[in-house]
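Chain residues, written in single-letter form:
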Amino acid sequence: MPFELPDNLHPDCAPVAWLLGTWQGNGHGDYPTIEPYQFGQELIFTHDGRPFLHYFSRAWIVDDNGEKVRDAALETGFLRCRPEGRMELLLTHNTGFVEIWYGEAEGGKLELSTDAVARTETAKEYVAGHRLYGNVEGDLLYAFDMAAMGQALQPHTWARLQRA
């Protein structure tokens, strides 16, 4: 699907402009403390001319036939674009977490690591994360590694999404 840069794109957002729009697809999840699973997902990145993108993600668990079983994670936040490809990400999750991430974007790649994670008293233990987003053959591929439940940082979810 063709993509056009918005006329009002803030210059600091140029390294992540390729993310703008709606992305949909499927992914996989695994971790030592859970059973492997598959999910469907939609990511939406919007922009209003200021130096940030608004981000919204929703996911749902699917069965082996790709049919929705139940709703899953929701997250929303702001990807704050700084000069020279530096990025700050503020995220809030329906599961009781808020995070601050720092990273860099360049050449169709965005890489971020957590600086701070806070959680509500009812949220599961989660202490750190690493995210990698890439524009591969026009698709959005990503991987999320996490440290949680006494486990070291390791792969948790990964997906391939197409521009909707």
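Every value quoted in this text rests on a predicted model; they were computed, and no experiment measured them. (Residues numbered from 1 in each chain as written. Predicted model: local features only at pLDDT ≥ 70, side-chain atom pairs only at ≥ 80, totals over all residues. Heavy atoms only, no water.)

*Asks:* Any chance you could break down the overall build of the chain for me, citing the residues and the numbers?
*Replies:* Scanning the chain for helices and strands turns up zero helices and ten strands. Listing each helix as α and each strand as β along the chain from the N terminus yields β-β-β-β-β-β-β-β-β-β. At 16 Å, the chain has a C-alpha radius of gyration in line with the 15 Å of a compact globule built from 164 residues. C-alpha atoms of the chain, sized along the principal axes, occupy 45 × 35 × 25 Å. Looking at the chain as a whole, 40% of its 164 residues qualify as buried. In the chain, the proportion of contacts linking residues at least 24 apart, taken out of those at least 6 apart, comes to 38%. With the model as given, the accessible surface of the chain reaches about 9000 Å², and the carbon-plus-sulfur share is 51%. Charge-centre separation for the chain: the mean point of 13 positive side chains lies 4 Å from the mean point of 24 negative side chains. (Helix = DSSP H or I, 4+ residues; strand = E, 2+ residues; numbered from the N terminus. Rg over C-alpha atoms; globule rule 2.2 N^0.38 Å. Buried < 20%, exposed > 50% of the residue type's maximum accessible area, 1.4 Å probe, protein only. Contact = heavy atoms within 4.5 Å. Areas by Shrake-Rupley, 256 points an atom, 1.4 Å probe, with all protein chains shown as cover. Lys, Arg positive; Asp, Glu negative; His and termini not counted. Charge placed at Lys NZ, Arg CZ, Asp CG, Glu CD.)

*Asks:* How would you summarise a nonpolar patch on the surface if you had to cite specific residues and measurements?
*Replies:* A cluster of nonpolar side chains, namely F78, L90, I100 and Y102, defines an oily patch on the protein surface of about 330 Å² accessible area. Within the secondary structure layout, Y102 lies in strand β6 (residues 97–106). (Patch = residues over 30% accessible without salt bridge, like charges linked within 9 Å, V, L, I, M, F, W, Y side chains within 5 Å. Salt bridge = Lys/Arg side-chain N within 4 Å of Asp/Glu carboxyl O.)

*Asks:* Can you break down the nonpolar core residue by residue, with the values?
*Replies:* Counting residues in hydrophobic clusters, the biggest one holds 35 residues, and the most contacted among them are V16, L19 and L110. When residues no more than four places from it in sequence are discounted, the contact partners of V16 are L53, L79, C81, M87, A105 and L110. (Core = buried A, V, L, I, M, F, W, Y, C linked by side-chain atoms within 4.5 Å.)

*Asks:* Talk me through the side chain of R163; I want residue IDs and the actual numbers.
*Replies:* The topology assignment puts R163 in strand β10 (residues 154–163). The side chain of R163 is buried and forms no salt bridge, while D139, the nearest opposite charge, is found at 8.2 Å. Side-chain polar atoms of R163 contact the backbone oxygen of W18, separated by 2.7 Å. Here the side chain of R163 touches L20 through a polar contact of 2.5 Å, landing on its backbone oxygen. (Polar contact = N/O pair within 3.5 Å; in protein donor to acceptor, adjacent residues only side chain to side chain.)

*Asks:* Quick one: what's the story with the environment of G96, residue by residue and with numbers?
*Replies:* Relative to the assigned elements, G96 resides in the loop between β5 (86–93) and β6. For G96, a relative accessible area of 16% gives the class buried. Separated by 46 residues in the primary sequence, G96 and Y142 place their C-alpha atoms 22 Å from one another. The contact partners of G96, leaving out residues within four places of it in the chain, are A118, R119, T120 and A123.

*Asks:* Explain the environment of L20 residue by residue, including any values.
*Replies:* Take L20: it is sitting in the segment before β1 (21–31). Relative accessible area serves as the criterion here: at 7%, L20 is assigned to the buried category. In the structure, L20 is positioned 33 residues away from L53 in sequence and 7.9 Å away in space, judged by C-alpha atoms. Excluding anything up to four places from it in sequence, L20 contacts F3, P6, L9, F45, T46, H47, L53 and R163.

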